Amino acid sequence: MEYVRLGSTGTKVSEICFGTWRFAKETDGTVETDRGTAHDLLDTAWDHGVNFIDTANVYGDPNGTAEEWLGDWLSDYDREDFVLASKVYFGFNDGPNDRGLSRKHVRSQIRGTLERLGTDYLDLYYIHRWDDETPIEETLRTLNELVREGKVNYLGASSMAAWKLTKALWTSDVEGIERFEVTQPRFNPAYRDPVADYLNLCADQDLAVCPYSPLEGGFLTGKYEREGDGPEGSRGDLYDWKNRFDDRQWDVLDAIREVADDEDATPAQVSLRWLADQRDFRCIPIVGARTTDQLEENLGATDVSLSDEQFDRIEEAYE
């Protein structure tokens, strides 16, 4: 495992981040990842050198369960070995102050997150969404206070319009307070145009990009074909996947398969390597595997090497 700087910060993280959004998540009444499997996955990630772990206050059913399970697991390890990220915006209840990025809600949620994780601080705290009802100045000042108090090291921003991220960065610079250092958009070899402006901003401002859905919901694992049915039990059973993807996305998958054959790798590994090899900004994909075998395959991306020609072949297939 290689370790890279987290954007312009001095903190180093593994090339791949492990995401816990499946922990205690229920789909059609079935828990996707139970507590035992969650701890097995965390063990596997750590055994392969992953020190960067992503969670959120609302992951799990009920909310907060993912943080609790992660905290239980961390109690057997040295907290300082890990870079922990969590998020704030969504809440647990339906009260008027139980969501958003107001000072009241942010303060309330950081207390719960730290308690569930069993730690005194977070390395990275994302705003999970943009809050149109709270002035960004209030949110940023509150987050700045958390940094000053030692509860948070760095700030991150998840999905939002590029102009909103620009506004937040400008506000931080004008106010002389902590700015966002990391972003978490949806981004992968087959999903780029909708986030092009956002990524250009990240490159210009030297922000780290930690994309979620790096395999486009399983599409880039190569288990689907242009014709025929998806494998039994796959996400293809949940939506009309044949009509979800356009021709150029299938062309990207074809290019990835070709490169995977050349490198004796899997399409998933090539897709993750392509993300980690981004030239304009530091990119650290977040993987959220269902099984330890799947996670080990994904982490095998760290052993894959792409030539410039292979990287360009994948990029040009989309463009």
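Notes on the structure follow. Since this is a predicted model, take the numbers as computed values, not measurements.

Some points on the overall build of the chain
Now for step 1: Tallying secondary structure elements over the chain gives eleven helices and twelve strands in all.
Now for step 2: Radius of gyration (C-alpha) of the chain: 19 Å, near the 20 Å computed for a compact globule of 319 residues.
Now for step 3: Principal-axis analysis of the C-alpha atoms gives the chain an extent of 50 × 45 × 35 Å.
Now for step 4: Evaluated residue by residue, the chain yields a buried proportion of 55% over its 319 residues.
Now for step 5: Considering only intrachain contacts with a sequence separation of at least 6, the fraction spanning at least 24 residues in the chain is 76%.
Now for step 6: Working note: accessible area of the chain is about 14000 Å², and carbon and sulfur atoms make up 40% of it.
Now for step 7: Taking the average place of the 34 positive charges on the side chains of the chain and the average place of its 66 negative ones, the gap between the two points comes to 6 Å.

With respect to the pattern of salt bridges
Now for step 1: Per the stated rule, a full pass over the model turns up 26 salt bridges.
Now for step 2: One salt bridge in this structure joins Glu32 and Arg290, with 3.8 Å as the shortest N-O distance. Note that Glu32 is positioned in the loop between β5 (30–31) and α1 (35–47) and Arg290 in the loop between β12 (286–287) and α10 (292–299), a separation of 258 residues in sequence.
Now for step 3: By sharing partners, the salt bridges in this structure join Arg103, Arg107, Glu145, Glu149 and Lys151 into a single network.

Things to note about the pairing of strand β9 (residues 152–157)
Now for step 1: Where strand β8 (residues 122–127) meets β9, five bridges bridge the pair, whose relative direction is parallel. Along β9, the bridge assignment pairs Leu122 with Val152.
Now for step 2: Of the crossover connections in this fold, the one passing from β8 over helix α4 (residues 136–148) to the parallel β9 is right-handed.
Now for step 3: Direction of pairing for β9 relative to strand β10 (residues 180–183): parallel, over a ladder of three bridges. Following the sheet pairing, Leu155 is matched in β10 by Phe180.
Now for step 4: In this fold, the crossover linking β9 to β10 by way of helix α5 (residues 162–175) has right-handed handedness.

A look at the nonpolar core
Now for step 1: The biggest cluster of nonpolar side chains holds 84 residues, and the ones touching the most others in it are Phe18, Tyr125, Leu165 and Phe180.
Now for step 2: Apart from the residues within four sequence positions on either side, Phe18 is in contact with Phe23, Leu41, Leu42, Ala45, Val50, Phe52, Ile53, Asp54, Ile286, Val287, Ala289 and Leu295.
Now for step 3: In this structure, Leu6, Val83, Leu124 and Tyr126 belong to the second largest nonpolar core, which totals 14 residues.

Focus on the sheet that holds strand β6 (residues 52–54)
Now for step 1: An order of β11-β10-β9-β8-β7-β6-β3-β12 is seen for the eight strands of this open sheet, with the pairing classed as parallel. Every other strand in the sheet has two partners, leaving β11 (208–209) and β12 as the edge strands with one partner each.
Now for step 2: Summarising the sheet, β6 and strand β7 (residues 83–88) pair through three bridges and their orientation is parallel. Each bridged residue has a counterpart across the sheet, and for Ile53 the counterpart in β7 is Leu84.
Now for step 3: With respect to the sheet, helix α3 (residues 103–117) is in contact with β7, β8 and β9, its orientation differing from that of β8 by roughly 140°.

Here we look at the packing of α5 against helix α6 (residues 196–204)
Now for step 1: For the pair α5 and α6, the least separation of the axes is 8 Å and the interaxial angle reads 25°. Taken together, the axis directions place α5 and α6 in an arrangement best described as roughly parallel. Residues Ala162, Leu165, Thr166 and Leu169 of α5 touch α6, and the partners they reach there are Asp197, Tyr198, Leu201 and Cys202.
Now for step 2: A per-class count over the contact of α5 with α6 returns six nonpolar, one polar and one charged.

Some remarks on the packing of aromatic side chains
Now for step 1: Scanning all chains against the criterion turns up 14 aromatic pairs.
Now for step 2: For the pair Trp46 and Tyr77, a centre-to-centre distance of 6.4 Å together with 80° between the ring planes defines the contact as edge-to-face. Taken as a pair, Trp46 in helix α1 and Tyr77 in the loop between α2 (65–74) and β7 lie far apart in primary sequence, 31 residues in all.
Now for step 3: The exposure class assigned to Trp46 is partly exposed, which follows from its relative accessible area of 26%.
Now for step 4: When the ring of Tyr89 is compared with that of Phe90, the centres are 4.9 Å apart and the planes differ by 90°; the resulting orientation is edge-to-face.
Now for step 5: We note Arg186 situated over the ring of Tyr191; from NZ or CZ to the ring centre the distance is 3.7 Å.
Now for step 6: We note Arg248 situated over the ring of Tyr318; from NZ or CZ to the ring centre the distance is 3.9 Å.

Parameters and conventions
Residues numbered from 1 in each chain as written. Predicted model: local features only at pLDDT ≥ 70, side-chain atom pairs only at ≥ 80, totals over all residues. Heavy atoms only, no water. Helix = DSSP H or I, 4+ residues; strand = E, 2+ residues; numbered from the N terminus. Rg over C-alpha atoms; globule rule 2.2 N^0.38 Å. Buried < 20%, exposed > 50% of the residue type's maximum accessible area, 1.4 Å probe, protein only. Contact = heavy atoms within 4.5 Å. Areas by Shrake-Rupley, 256 points an atom, 1.4 Å probe, with all protein chains shown as cover. Lys, Arg positive; Asp, Glu negative; His and termini not counted. Charge placed at Lys NZ, Arg CZ, Asp CG, Glu CD. Salt bridge = Lys/Arg side-chain N within 4 Å of Asp/Glu carboxyl O. Pairing = 2+ DSSP bridges. Right-handed = clockwise from strand over helix to strand, strands pointing away. Core = buried A, V, L, I, M, F, W, Y, C linked by side-chain atoms within 4.5 Å. Axes fitted to C-alpha atoms, helices over the stretch in contact; angles between N-to-C directions. Parallel < 35°, antiparallel > 145°, perpendicular 65-115°, else oblique. Nonpolar A, V, L, I, M, F, W, Y, C, P; charged D, E, K, R; others polar. Phe/Tyr/Trp six-rings, centres within 6.5 Å; stacked < 30°, edge-to-face > 60°. Lys NZ or Arg CZ within 6 Å of the ring centre and 35° of its normal.

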